[in-house]
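Working through the structure, step by step
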Amino acid sequence: WGASALRSATPQLRRSSSTPASSGSSSSWRSPAHLTTRSSSPKRSVRAFSTPAGDAGDAVVDVEAVDDATDVTDQRERLKQALFAACAACDRGFGASAEDRRSIEAFVADLAVLNPTEDATAAWELPECPLRKCWRLIYTSAADVTILAANPVASLNGIYQDARDLPVVVNVIDTAPRVLALAPPQIADRLETAVRQKVYTRARQRSATRVGLAFERVEIAPLTLFGQSLENLPSLGFDLPQLGLDLQRQLFGVGAEADPRDDSPAYFDVLYVDEDTLAIQQASPGGLFVAVAVPELGETGAVAF
């Protein structure tokens, strides 16, 4: 089901304080991108997500300032649940319409206002770093990822960003033969075949919310073949060529005293991160990523949302 069905199914997050609730009345859901907010408090505030049924046009919704920690947490969790539902409805972004993308971007923008983590790169390389988790992708608008769904031979299973060993970050993509998607579940399970591709990068702390990346190595390994585990087989891989700092200074036009890695377009900005949810904006080639924390990489590469 698409964006219109999601709007009717998503619960009301907050009612305008100027519109009293009445029993038996219904309310229509509006995308946050369609609402104008107004706050009379210097504290952070969030949008209201519903307006009374029958209102014509876009409404100006009075927004209560978020004063207490319980209210902040409640708003944050409701936004996250709506975001997760929107991501699931468009198949992690691979089936997203322009309207789906606008709605998801609006959810992330509202979540960013309530971001509980001021310094996403704090305690870099230590266990306490907020980014130090295994993150499973639930949405992306990045063309370099969404184009993978056009592969006529392989279908996409789990996609991860494994940052448990910072500063090393491993981008993981699990694929399976597309033909298995056409088989009945009991047959597909017996014939399960999956391959795992890994791209190793070295992350560099650029600021409290910006992380630079240098690509170092590519690996590919079989996970299963006709239902049998192959995880003990060695992977095939190769190291990527690395540019020296002097050459990078010439490429990026920086002085001898500057670190050229600070000017590299290979980085992402953290828009939101908490104990179980991450949203980042990729610099080049661009795109939004939303992910949830998981304990481990999937053993068979199966998609689990």
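The rules behind each value
- Residues numbered from 1 in each chain as written.
- Predicted model: local features only at pLDDT ≥ 70, side-chain atom pairs only at ≥ 80, totals over all residues.
- Heavy atoms only, no water.
- Helix = DSSP H or I, 4+ residues; strand = E, 2+ residues; numbered from the N terminus.
- Buried < 20%, exposed > 50% of the residue type's maximum accessible area, 1.4 Å probe, protein only.
- Contact = heavy atoms within 4.5 Å.
- Pairing = 2+ DSSP bridges.
- 1 Å grid on protein atoms, 1.4 Å probe; cavity = no way out; pocket = protein on both sides within 12 Å on 5 of 7 lines; lining within 4 Å.
- Points joined across faces, edges and corners; volume = space filled by probe spheres on them.
- Nonpolar A, V, L, I, M, F, W, Y, C, P; charged D, E, K, R; others polar.
- pLDDT = per-residue confidence, 0-100.
- Polar contact = N/O pair within 3.5 Å; in protein donor to acceptor, adjacent residues only side chain to side chain.
- Core = buried A, V, L, I, M, F, W, Y, C linked by side-chain atoms within 4.5 Å.

**A short note on the environment of Leu271**
By secondary structure assignment, the location of Leu271 is in strand β12 (residues 267-273). Leu271 gets classed as partly exposed once you look at its relative accessible area, which sits at 29%. Put simply, Leu271 and Leu111 are 160 residues apart on the chain and 8.4 Å apart in space, counted from C-alpha to C-alpha. The residues touching Leu271, leaving out its near neighbours within four places in the chain, are Val108, Ala112, Asn115, Ala279, Ile280, Gln281 and Leu288.

**A look at the pairing of strand β9 (residues 210-225)**
Here strand β8 (residues 194-205) runs beside β9; their pairing, made up of 12 bridges, is antiparallel. Looking at the pairing, Ala194 lines up with Thr224 of β9. The antiparallel pairing of β8 with β9 creates a hairpin that spans four residues between the two strands. Sheet topology note: the β9/strand β11 (residues 236-239) ladder contains four bridges and is antiparallel. From the neighbouring strand, Arg217 faces β11, where its bridge partner is Asp239. When β9 meets strand β10 (residues 228-229), the two strands line up antiparallel, connected through two bridges. When the bridges of β10 are listed, Thr224 appears paired with Ser229. Connecting β9 to the antiparallel partner β10 that follows it, the hairpin turn spans two residues, and Phe226 within it adopts a positive phi of roughly 50 degrees.

**Overview of the layout of surface pockets**
A probe as big as a water molecule, rolled over the atoms, marks out the empty space that is left. Roughly 600 Å³ of internal volume is contained in the largest pocket. What lines the largest pocket is a set of 26 residues, and nearest its centre among them are Val145, Gln161, Asn171, Gln282 and Phe289. If you list the elements that add at least two residues to the lining of the largest pocket, you get β5 (134-140), α4 (143-146), β6 (154-165), β7 (168-177), β9, β12, β13 (277-282) and β14 (287-294). The residue inventory of the lining of the largest pocket, partitioned by class, reads 21 nonpolar, four polar and one charged.

**Describing the confidence of the model for the chain**
Confidence along the chain averages 79 in pLDDT terms, with 74% of residues attaining 70 or more. Note that residues 1-66 has pLDDT below 50 and, in this model, 108 contacts with residues that lie over four places away or in other chains.

**What to know about the environment of Arg132**
Within the element layout of this structure, Arg132 appears in the loop between α3 (98-113) and β5. Accessibility expressed as a relative area gives 21% for Arg132, which makes it partly exposed. Taking the C-alpha atoms as reference, Arg132 lies 8.2 Å from Asp162; in sequence the two are 30 residues apart. Residues contacting Arg132, with those up to four places away along its chain left out, are Glu125, Leu126, Pro127, Ala163, Arg164, Asp165 and Leu166. For Arg132, the side chain forms a polar contact with the main-chain oxygen of Leu166, separated by 3.5 Å.

**Brief notes about empty space enclosed by the protein**
The tally for this structure, following the rule as stated, stands at two cavities of 30 Å³ or more. By volume, the largest cavity is sized at about 70 Å³. Together, Trp124, Leu131, Trp135, Gln161, Ala163, Leu166, Val169, Ala203, Val211, Phe268 and Leu278 line the largest cavity.

**A word on the nonpolar core**
Grouped together as the largest cluster of nonpolar side chains are 23 residues, with contacts concentrated most on Leu131, Leu166 and Val270. Of all elements in the fold, only β5, β6, β9, β12, β13 and β14 reach the threshold of two or more residues within this core. Setting aside its immediate chain neighbours within four residues, Val270 contacts Ala120, Leu131, Thr209, Leu278, Ala279 and Ile280. Core analysis: the second largest hydrophobic core is formed by 20 residues, Leu79, Phe84, Leu111 and Val292 among them.

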